[in-house]
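# Examining the three-dimensional arrangement
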Amino acid sequence: MPLHVSNYSWQQTSTAVFISVPLRGVSVRDADVFCTENYLKVNCPPFLFEVFLYAPIDDESSKAKIGNNTIVFTLRKKEAAMWETLSLSGVDKEMMQRIREKSILQAQERAKEAMEAKAVARREDQKYTLNVMMKIEEEERKKIEDMKENERIKATKELEAWKECQRKAEELKIIQREEKLYHQEKQMEEERKKLKHKCLTGNSASKNLATKGRNSENIFFEKLKEDSIPAPRSVGSIKISFTPRVFPTALRESQVAEEEEWLHKQAEAQRAMNTDIPELCDLKEEEKNPEWLKDKGNKLFATENYLAAINAYNLAIRLNNKIPLLYLNRAACHLKLKNLHKAIEDSSKALEILTPPVADNANARMKAHIRRGTAFCQLELYVEGLQDYEAALKIDPSNKIVQNDAEKIRNIIQGTELESK
């Protein structure tokens, strides 16, 4: 049999009612508070406090504070007026039962509406996420196809150029060989004419001359043979100079095209400046630099002034929308402010600019994946969040923090699947 609490006190204003209910040994864990617009109940075994309110209240804005063996209620009135009493007078047991049942039905309806609203919001979030992922996948697929086509065209051109060089080299060798044979034949023809002219002087002389002619031919061929032998190579030292590298990694032929494209995009981003903005009129010259605005936003972020940091990044992006770190830092601000959809959009835009993937932008790509995955997880879209964390691990497989976070997300997904079963 519960003990009904009757030694409570209450005060009121025109807009609120304050009730103080003393309960010995009360705690947040043990107290069960149920409140609707006409009914208030506190069940804290073995104590029970129940009141049928004089007029309706706004139960959503009302509050209860538990501490020091007391529960203090702050009830907001729906209509500003002074109550004659706290509870209705002349309430019999049947009427009390009706009020209780009506209050329970109202609470159930509100809970049902809240669950439906949450389900609708979750479906909308899933739909939005699906659209974003489909768009990202389509863009990535198109980029991969474009890159493949460009590589094919480039390889075809290089092969044609190499074939042309080989053809010209062969033609040059044939021409040089023919010229050499022509000169040799011409020299031999002149020698034969000289020998034939000498043979007309006499048989004996002719024989001697023929012998001499043969000896001359041997001398001539020996001379040609000596001329064809190259001279000995001189002794010396060879100096080797290496081309300076922008990237920290060693040069690989498979990454040359991607690195050159990334450097080209960075150079274009530095040149792309939009100065036709009205807000720039009152700024100093150094304040019109996107890098200065980025540093300013970073300092504001460090002081937890996230809205001001977003304003700085916004102006920097309007000046130059090709710098990926601006979108990446703005995504971090949106995460702090729980603007999760905007954080996903900014992270996706940063990944779009951070192409092609090279060693110089690996750290920025990993941060973009982690921030987008964090936003997905806070929207309870754990499968999409895990995909981004796994993409970050592909960039840096030895990162223990990312490994632990990914494992936690997998456990959440497995626990959700078990509950659904």
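Everything quoted here is computed from the prediction, not taken from an experiment.

Cut-off values and rules
Residues numbered from 1 in each chain as written. Predicted model: local features only at pLDDT ≥ 70, side-chain atom pairs only at ≥ 80, totals over all residues. Heavy atoms only, no water. pLDDT = per-residue confidence, 0-100. Helix = DSSP H or I, 4+ residues; strand = E, 2+ residues; numbered from the N terminus. Contact = heavy atoms within 4.5 Å. Pairing = 2+ DSSP bridges. Axes fitted to C-alpha atoms, helices over the stretch in contact; angles between N-to-C directions. Parallel < 35°, antiparallel > 145°, perpendicular 65-115°, else oblique. Left-handed = near helix turned anticlockwise from the far one by under 90°. Phe/Tyr/Trp six-rings, centres within 6.5 Å; stacked < 30°, edge-to-face > 60°. Buried < 20%, exposed > 50% of the residue type's maximum accessible area, 1.4 Å probe, protein only.

### Considering the confidence of the model for the protein
Parts of the model with low pLDDT should not have their predicted coordinates read in detail. Across the protein, pLDDT averages 81, with 78% of residues at or above 70. Here helix α2 (residues 203–228) is the element of the protein with the lowest mean pLDDT, 50, and helix α6 (residues 324–336) is the one with the highest, 95. Contacts of residues 209–214 to residues separated by more than four positions or lying in other chains number 5 contacts, the stretch itself having pLDDT below 50.

### Considerations on the pairing of strand β5 (residues 39–44)
Bridge count between strand β4 (residues 32–35) and β5: 4 bridges; the pairing is antiparallel. Bridging across to β5, Cys 35 finds its partner in Leu 40. Counting the residues that bridge the hairpin from β4 to β5 gives 3 residues. One ladder, built from 6 bridges, connects β5 with strand β6 (residues 47–52); its direction is antiparallel. If you follow Asn 43 over to β6, its bridge partner there is Leu 48.

### Quick word on the packing of helix α8 (residues 362–378) against helix α9 (residues 382–395)
When two helices pack together, their arrangement is given by the angle between the helix axes and by the axis-to-axis distance. Running from amino to carboxyl end, α8 crosses α9 at an angle of 165°, the nearest separation of the two axes being 7 Å. The orientation of α8 with respect to α9, classified from their angle, is roughly antiparallel. Pair α8 / α9 crosses with left-handed handedness. Of the residues in α9, those touching α8 at Ala 362, Arg 365, Met 366, His 369, Ile 370, Arg 372, Gly 373, Thr 374, Phe 376 and Cys 377 are Tyr 382, Glu 384, Gly 385, Asp 388, Tyr 389, Ala 391, Ala 392 and Ile 395.

### Remarks on the packing of aromatic side chains
Evaluated as defined, the whole model comprises 5 aromatic pairs. Note on Tyr 8 and Phe 49: the rings are 5.1 Å apart at their centroids and 70° apart in plane angle, and the pair reads as edge-to-face. In this pair, Tyr 8 is assigned in the loop between β1 (3–4) and β2 (9–12) and Phe 49 in strand β6, connecting sequence segments 41 residues apart. Taken together, the ring pairs connect Phe 34, Tyr 39 and Phe 52 into an aromatic cluster.

### Describing the pairing of strand β8 (residues 70–77)
Extensive coverage of β8 is indicated by the burial of 6 of its 8 residues. With 7 bridges joining them, strand β3 (residues 16–22) and β8 adopt antiparallel strand pairing. Considered in β8, the bridge of Ile 19 is made with Phe 73. Pairing geometry for strand β7 (residues 57–67) and β8, over 7 bridges, is antiparallel. When the sheet's bridge partners are listed, Lys 65 is paired in β8 with Val 72. Taking the residues that link successive antiparallel strands as the turn, the β7-β8 hairpin has 2 residues, and the phi of Asn 68 there is positive, at about 55°.

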